[in-house]
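Coordinate inspection notes
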Amino acid sequence: MNDPLVERYAHGADALGNAIAGLTREELNALPVPGTWSIQQIVLHLMDSDLISSDRMKRVIAEENPTLIGFDESAFARGLFYEALDAGLAADLFAKNRRLTAEILRRVPDEAFDRFGTHSERGRVTLTQLVQGMVDHLERHLRFLREKRRLLGKPL
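Residues numbered from 1 in each chain as written. Predicted model: local features only at pLDDT ≥ 70, side-chain atom pairs only at ≥ 80, totals over all residues. Heavy atoms only, no water.

Quick notes on the packing of aromatic side chains
Enumeration over the complete set of coordinates arrives at one aromatic pair. For the pair Phe71 and Phe76, a centre-to-centre distance of 4.8 Å together with 55° between the ring planes defines the contact as tilted. Its relative accessible area of 24% is what places Phe71 among the partly exposed residues. By relative accessible area, Phe76 is classed as partly exposed at 24%. In this structure, Arg124 packs its charged tip against the face of Phe116, placed 3.7 Å from the ring centre. (Phe/Tyr/Trp six-rings, centres within 6.5 Å; stacked < 30°, edge-to-face > 60°. Buried < 20%, exposed > 50% of the residue type's maximum accessible area, 1.4 Å probe, protein only. Lys NZ or Arg CZ within 6 Å of the ring centre and 35° of its normal.)

Put into structure tokens, the structure is as follows:
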């Protein structure tokens, strides 16, 4: 039932590293669209979001109706030195976390995808919704990233 969704989730593991291949630090931190995040900030945001979401998925699998705490993505971007960190390392961590989480998701029975937690901002969220949300999140941000690359004269 959830095999295609889990495989879409797993398939995204290398997408981030591939999307930043060949970019310099200056290009990663450039702002080709003023008032939006740089490619670097997108990469670090995706890594942090995926780590947080992986934790949420695991808690929904293992615990009864866990509380899932929201986070302020803008505060993370401002306060966690996104512009100075290693984007390649972040993309590698993203890939490894996706692969490991996908292994867990492949092992749980189909009925586990109906399990839920209570998100502090969104209310009841099922495992299926968490996985689908991260598939969609990556695809959306990769579109932004590709457009920024194009504007920098570095299309994929």
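From this point on, the discussion continues.
Things to note about the sheet that holds strand E3 (residues 123–126)
Strand order in the open sheet made by the three strands is E1-E2-E3, with mixed pairing throughout. Edge strands, defined here as strands with exactly one partner in the open sheet, are strand E1 (67–68) and E3. Relative to strand E2 (residues 116–119), E1 runs parallel, the two being bridged by two bridges. Bridge assignment links Thr67 to a residue of E2, and that residue is Thr118. Each of E1 and E3 is contacted by helix H7 (residues 127–151), which is oriented at about 80° to E3, the strand it contacts most. (Pairing = 2+ DSSP bridges. Helix = DSSP H or I, 4+ residues; strand = E, 2+ residues; numbered from the N terminus. Contact = heavy atoms within 4.5 Å. Axes fitted to C-alpha atoms, helices over the stretch in contact; angles between N-to-C directions.)

With respect to the packing of helix H1 (residues 3–11) against H7
The axes of two packed helices give the description: the angle between them and the distance between them. Contact pair H1 / H7: the axes reach a minimum separation of 9 Å and the direction vectors enclose 40°. Relative to H7, the element H1 is oriented oblique. When the axes of H1 and H7 are compared, the crossing they make is left-handed. Packed against H1, whose contacting residues are Leu5, Arg8 and Tyr9, the element H7 presents Thr128, Val131, Gln132, Met134, Val135, Asp136 and Glu139 at the interface. The residue makeup of the contact of H1 with H7, split by class, is five nonpolar, two polar and three charged. (Parallel < 35°, antiparallel > 145°, perpendicular 65-115°, else oblique. Left-handed = near helix turned anticlockwise from the far one by under 90°. Nonpolar A, V, L, I, M, F, W, Y, C, P; charged D, E, K, R; others polar.)

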